[in-house]
Amino acid sequence: MNGPWDVRSDCTPDCAAHALPRVPAAHVARRGAAFARSVRRALTDGERMAEPGRLRTHARALLDALGIHVEGADSLTVGDGPGTLVVVNHISWLDILALLAVEPVTLLAKREVGGWPVVGGLARRAGTHFIDRTHPRRLPRTVREVSELLGAGRSVAVFPQATTWCTAEAGTFRRATFQAAIDAGAPVRPVTLGYTQQGLPSTVAAFCGEDTFAGSLRRVLAARALTVRVTAHPALTPWDGGLDRRELAALAARAALGGRPVTSATGSGAARPGAALRPAAPVPHAPSRDAPAHV
């Protein structure tokens, strides 16, 4: 446990399983060597790795080395004006690579990610903003920082479940970062990440509980025909219907966690016609709110 913001997942390393027979050992060795080479190339890029084009190239190279195919969305952000708050379900350390391979955005992640082998170093050099969940009083400042990034036109990707689950249907979204989108007048893009092997749902990529990076990497290296599908759902426009952060989080979770259709339901269960999803257009920034955002 790291503090009062922590969320406990019911998933454990036992949840991670291959949906197809493993690839031969020789294939695993080749993938491992290719992955190591890709990591070295990325790390030797230094600060230049944060450049969007380089970041996308490195993310795609790492996934290619692991034999992982990315399909689905071509982009994550919405139009001009404020940046987009991209809210994503969380399954694996591979999620970060999958997002960056589609469209480099600023990542907001828990502090522990910075200490993960390989991915932590890449995340730091890519300009990830880390949350220290042991100090809840810093939360309002984090929300303000995200709002400022969005207001400056930079898109930010967050994992509002606050922990990993083995499938895209579990957990729920915490609300704090949604306040940043409201304050910045920024659209919210729910995104679903799902892993399959030859079309079969697979939990082999799951990185949950007391799992280790080495153990997870061994499973991924041995996975046959692993694909990550990135599904970008229609953007939520929080200024439609005056959505508050609770309602906005509920709508986004309903879309992203398993891709359930969203119409006019809100977090409270009441109908609100103005809350329908549609592609967002640039709007003036919403007025800033002084009240702190809560988790």
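This text follows the structure it describes.
### Considering the overall build of the protein
Within the protein, the regular secondary structure consists of eight helices and eight strands. Scored against the burial criterion, the 295 residues of the protein give a buried share of 51%. About 12,900 Å² of surface is accessible on the protein, with carbon and sulfur atoms providing 52% of the total.

### Here's the deal with the packing of aromatic side chains
Evaluated as defined, the whole model comprises three aromatic pairs. Centroid distance Trp 93 to Phe 213: 4.7 Å. Interplanar angle 55°. Geometry classified as tilted. Here Trp 93 is found in the loop between β2 (85-88) and α3 (94-102), whereas its partner Phe 213 is found in helix α7 (residues 213-221), with 120 residues between them in sequence.

### Comments concerning the packing of helix α5 (residues 139-151) against helix α6 (residues 176-184)
Taken N-terminus to C-terminus, the directions of α5 and α6 make an angle of 40°; their axes are 8 Å apart at the nearest point. The pairing of α5 with α6 is recorded here as oblique in orientation. Considering the relative orientation of α5 and α6, their crossing is right-handed. Residues Leu 139, Val 143, Val 146, Ser 147, Leu 150 and Gly 151 of α5 lie in contact with α6, whose contacting residues are Ala 176, Gln 179, Ala 180, Ala 181, Asp 183 and Ala 184. Looking at the contact of α5 with α6 residue by residue, the classes come out as eight nonpolar, three polar and one charged.

### Considerations on the pattern of salt bridges
For the structure on display, the rule yields five salt bridges. Here Asp 45 ties to Arg 48 by a salt bridge, and the two come within 3.0 Å at their closest N and O atoms. By relative accessible area, Arg 48 is classed as partly exposed at 43%. Note that Glu 51 is salt-bridged to Arg 54, the shortest N-O span being 3.2 Å. For Arg 54, a relative accessible area of 29% puts it in the partly exposed group. Where salt bridges share partners, they join Asp 45, Arg 48, Glu 51 and Arg 54 into one cluster.

### Looking at the state of the cysteines
Under the defined criterion, the tally for this structure stands at zero disulfides. The thiol of Cys 11 is not disulfide-bonded; the next cysteine sulfur, from Cys 166, is found 3.5 Å away. We note that Cys 208 lacks a disulfide partner, and the nearest cysteine sulfur, in Cys 11, lies 4.5 Å from it. Under the relative-accessibility criterion, Cys 208 is labelled buried at 2%.

Calculation notes
Residues numbered from 1 in each chain as written. Predicted model: local features only at pLDDT ≥ 70, side-chain atom pairs only at ≥ 80, totals over all residues. Heavy atoms only, no water. Helix = DSSP H or I, 4+ residues; strand = E, 2+ residues; numbered from the N terminus. Buried < 20%, exposed > 50% of the residue type's maximum accessible area, 1.4 Å probe, protein only. Areas by Shrake-Rupley, 256 points an atom, 1.4 Å probe, with all protein chains shown as cover. Phe/Tyr/Trp six-rings, centres within 6.5 Å; stacked < 30°, edge-to-face > 60°. Axes fitted to C-alpha atoms, helices over the stretch in contact; angles between N-to-C directions. Parallel < 35°, antiparallel > 145°, perpendicular 65-115°, else oblique. Left-handed = near helix turned anticlockwise from the far one by under 90°. Contact = heavy atoms within 4.5 Å. Nonpolar A, V, L, I, M, F, W, Y, C, P; charged D, E, K, R; others polar. Salt bridge = Lys/Arg side-chain N within 4 Å of Asp/Glu carboxyl O. Disulfide = S-S within 2.5 Å.

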